[in-house]
Amino acid sequence: MFAGLDLGTSGVRALLVGDNGQPVGVADVALDVQHLHPGWSEQAPDAWTQAAAEALAQLKQAHPKEMAQLRGIGLSGQMHGATLLDEAGKVLRPCILWNDTRSHEQAARLDATPGLREISGNIVFPGFTAPKLNWLAEHEPETFARVATVLLPKDYIAYWLTGVIGSEMSDAAGTSWLDTGARAWSDDLLAKTGMRRDQMPESREGTGVVGTIRGDLAAELGLPDAVQVVAGGGDNAAAACGVGALAEGDGFVSLGTSGVLLAARDGFAPSPETAVHTFCHAIPDTWYQMGVILAATDCLNWLARLTGSKPADLTAPLGDRITAPGRLRFLPYLSGERTPHNDSAVRGAFLGLDIGAGRDDLARAVLEGVSFALRDNLDALVRTGANLDRVLAIGGGARSRYWVELLATILELPVDLPAQGEFGAALGAARLAICGVTGAAPADVMTRPAIAETIDPRRDLVPSYRDAHSAFAASFPKLKAMP
Ligand SMILES: Nc1ncnc2c1ncn2[C@@H]1O[C@H](COP(=O)(O)OP(=O)(O)O)[C@@H](O)[C@H]1O
Ligand SMILES: O=C(CO)[C@@H](O)[C@H](O)COP(=O)(O)O
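Residues numbered from 1 in each chain as written. Chains lettered and ligands numbered in written order. Predicted model: local features only at pLDDT ≥ 70, side-chain atom pairs only at ≥ 80, totals over all residues. Heavy atoms only, no water.

## Regarding the overall build of the protein chain
When its secondary structure is counted, the protein chain shows 18 helices and 23 strands. For a compact globule of 483 residues, the expected C-alpha radius of gyration is about 23 Å, and the protein chain comes in at 21 Å, within 12% of that figure. The principal-axis extents of the C-alpha atoms in the protein chain amount to approximately 60 × 50 × 45 Å. Across the protein chain, every contact between residues at least 6 apart in sequence was considered, and the portion connecting residues at least 24 apart equals 73%. The positive charge centre, built from 40 side chains, and the negative charge centre, built from 56, are 3 Å apart in the protein chain. (Helix = DSSP H or I, 4+ residues; strand = E, 2+ residues; numbered from the N terminus. Rg over C-alpha atoms; globule rule 2.2 N^0.38 Å. Contact = heavy atoms within 4.5 Å. Lys, Arg positive; Asp, Glu negative; His and termini not counted. Charge placed at Lys NZ, Arg CZ, Asp CG, Glu CD.)

## Things to note about the pattern of salt bridges
Using the criterion set out here, one finds 33 salt bridges in the structure. Between Asp343 and Lys480 there is a salt bridge, with the nearest N and O atoms lying 2.6 Å from each other. Of the two residues, Asp343 is situated in the loop between strand E19 (329-331) and strand E20 (349-351) and Lys480 in helix H18 (residues 462-481); the sequence distance between them amounts to 137 residues. On the basis of relative accessible area, Asp343 is assigned to the buried category, the value being 9%. When salt bridges with common partners are traced through the structure, they connect Arg321, Arg401, Glu405, Glu453, Arg458 and Asp460 into a single cluster. (Salt bridge = Lys/Arg side-chain N within 4 Å of Asp/Glu carboxyl O. Buried < 20%, exposed > 50% of the residue type's maximum accessible area, 1.4 Å probe, protein only.)

## Topic: the site of ligand 1
Close to ligand 1 lie 17 residues; Ser10, Thr257, Asn301, Thr315 and Gly396 are nearest. Asn301 places a polar side-chain atom, nitrogen or oxygen, 2.5 Å from an oxygen atom of ligand 1. Take Arg399: an N or O atom from its side chain is 3.3 Å from a nitrogen atom of ligand 1. Relative to its free-state accessible area of 580 Å², ligand 1 is covered by the protein chains to the extent of 80%. Looking at the shell around ligand 1, the elements with two or more residues in it are helix H12 (297-306) and helix H13 (311-315). The residue inventory of the shell around ligand 1, partitioned by class, reads four nonpolar, twelve polar and one charged. When residues of the shell around ligand 1 are assigned to domains, at least three map to each of domain 1 (2-243) and domain 2 (254-418 + 450-481). (Near = heavy atom within 4 Å. Polar contact = N/O pair within 3.5 Å; in protein donor to acceptor, adjacent residues only side chain to side chain. Areas by Shrake-Rupley, 256 points an atom, 1.4 Å probe, with all protein chains shown as cover. Nonpolar A, V, L, I, M, F, W, Y, C, P; charged D, E, K, R; others polar. Domains from an automatic or database assignment.)

## Here's the deal with the site of ligand 2
Surrounding ligand 2, one finds 14 residues, the nearest of these being Thr9, His80, Asp235, Ser258 and Arg338. Between ligand 2 and His80, the relevant distance is 2.6 Å, taken from an oxygen atom to a side-chain nitrogen or oxygen of the residue. Of all elements in the fold, only helix H11 (235-242) and strand E18 (287-293) reach the threshold of two or more residues within the shell around ligand 2. Partitioned by chemical class, the residues of the shell around ligand 2 number five nonpolar, seven polar and two charged.

## Details of the UniProt feature "domain: Carbohydrate kinase FGGY N-terminal" (unreviewed entry) in the protein chain
Taking the UniProt record as the reference, the feature "domain: Carbohydrate kinase FGGY N-terminal" (unreviewed entry) is found at residues 1-242. Each end of residues 1-242 is marked by a C-alpha atom, and these two atoms are 16 Å apart; helix forms 36% of the span and strand 24%. (UniProt positions renumbered as here; feature names shortened; annotations may be inferred.)

## Comments concerning helix H5 (residues 129-139)
Taken across its eleven residues, H5 has eight buried, putting it largely inside the fold. Looking at H5, one finds that the buried residues are Thr129, Ala130, Pro131, Lys132, Leu133, Asn134, Trp135 and Leu136. Buried residues belonging to H5 abut strand E6 (83-85), strand E7 (95-96), helix H3 (104-111), helix H6 (141-145) and strand E8 (149-151).

## Examining the sheet that holds strand E5 (residues 72-77)
Here we have six strands laid out as an open sheet, ordered E3-E2-E1-E5-E14-E13, and mixed in their pairing. Each of the sheet's edge strands pairs with one partner strand only, and the pair in question is strand E3 (23-30) and strand E13 (209-212). Between one strand axis and the next, the sheet turns by 20 degrees as a mean value, whatever way the strands run. The sheet contact formed by strand E1 (residues 2-7) and E5 spans six bridges and is parallel. (Pairing = 2+ DSSP bridges. Axes fitted to C-alpha atoms, helices over the stretch in contact; angles between N-to-C directions.)

## Details of the packing of aromatic side chains
The geometry of two aromatic rings is summed up by the distance between their centres and the angle between their planes. Enumeration over the complete set of coordinates arrives at 13 aromatic pairs. With a centroid separation of 5.5 Å and an interplanar angle of 85 degrees, the aromatic rings of Trp40 and Trp135 are classed as edge-to-face. Here Trp40 is found in the loop between E3 and strand E4 (42-43), whereas its partner Trp135 is found in helix H5, with 95 residues between them in sequence. Side by side, Trp40 and Trp135 carry an identical accessibility label, which is buried. When the ring of Tyr333 is compared with that of Phe476, the centres are 5.5 Å apart and the planes differ by 85 degrees; the resulting orientation is edge-to-face. (Phe/Tyr/Trp six-rings, centres within 6.5 Å; stacked < 30°, edge-to-face > 60°.)

## Here we look at the pairing of E18
Most of E18 sits out of view: seven of its seven residues are buried. Bridging between strand E16 (residues 259-265) and E18 involves seven bridges; their strand directions are antiparallel. The partner of Ala263 across the bridge, within E18, is Gln289. As defined by bridge partners, strand E17 (residues 277-280) adjoins E18 across four bridges and the pair is classed as antiparallel. Within the sheet, the bridge partner assigned to Thr278 lies in E18 and is Gln289. If you look at the hairpin formed by E17 and E18, you'll find six residues sitting between the two strands, and Asp285 has a positive phi there, around 55 degrees.

The following block contains the structure:
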């Protein structure tokens, strides 16, 4: 038995699988995000470990016999968050998350530093880890002076589980401190960003074993004391392992808090000018590229909060089949944007509101706006040379068939709904644990999932959605011009 623990932004998921990788049980525990100021986004690492403990406890309660045979836990998590430890291994402050844009000035400065993009293969986006440390040095110098180790969110879970400080390549690639092609911390990048090598955890491949579970924690959680913890991957790399996206031409679209369009690549071929991310995959000698939008289901959650409803209450009334685009336009830049705009200052908007606009019209415009932004990501990915002729849909938003048909029509690609798509990153983490503990080859374990349904673009509606996308794209410069 193996488990995958995925530390998402909206919650922790624990997935139990058999030695054959087949899901046995799942537990979800929700997490909150604190937004103390506009553009800020934080979570307390203690909330993560409490949620992880609760998720494992739920699995144990539902599957006691299977959990008694647990051999390994693999990890997956939201990327880029700066989780800061002092000399004694204590957390110094709440984690500054991936969608926090407070360090936009520091990011712009670093991004303009000669050589930085070339070594890391990426733009230094404000959500990445390095500029956050520069912000800390300027705004919280006493805390900065005490930073002994910088961990990524899921690496903090590994530290909690094992007491061992470590990271792995797929997450490390999102820090701006990694030589992404060489898969090693870069002394040059660390020097350029004012950090030291000793502040970086040892970084292994995603199938590497971090350590064995702490005896006291195993006793507290009622788990076998031989459970090994495997490094795992950043959530998108882990999700790629979960859906078998390992080779050129394989890709997925993820509708989570963020929206992601990912393509596995055979080699390291960065293209930072497109604002596409190029990161190490969670398996050795492999890379991937992705476009990232900062708010996908986050936009839906925002509307749900405003209207006193739940995301599913907003998507259900739209039904399963799309019609021609609505007249309302939504620009989904609630947290600024990464791909393709690299603009942390831009903000979202509804355009075309009239007195008759109701909740369903707003919800529909939100789904359309997020999908148009993902179309912009597809166009950027294609400019890097990635070639996708179909994609899998994963993440919580893919529960809405309407949204997936909308995406298929706007991306003009068939979209496959995997039978167990909602397990994406957690399944990938469990698969990385299987490889790490048993030595099995990733390609044998990380197979493509069974497809529950393929949703084709609605050819009859493609022209009208192309027009609506043009109107959406034409609105961006107007938004930028707003004070
Ligand atoms: N029926 C639904 N229709 C659309 N979105 C949904 C539905 N059910 C859940 N969601 C969205 O899925 C999100 C969770 O997706 P997930 O991929 O787990 O995100 P993350 O990894 O960022 O935590 C929820 O925040 C919610 O907005
Ligand atoms: O910043 C990125 C990737 O670069 C995000 O994809 C985060 O990794 C958070 O993911 P979700 O919580 O939306 O899964």
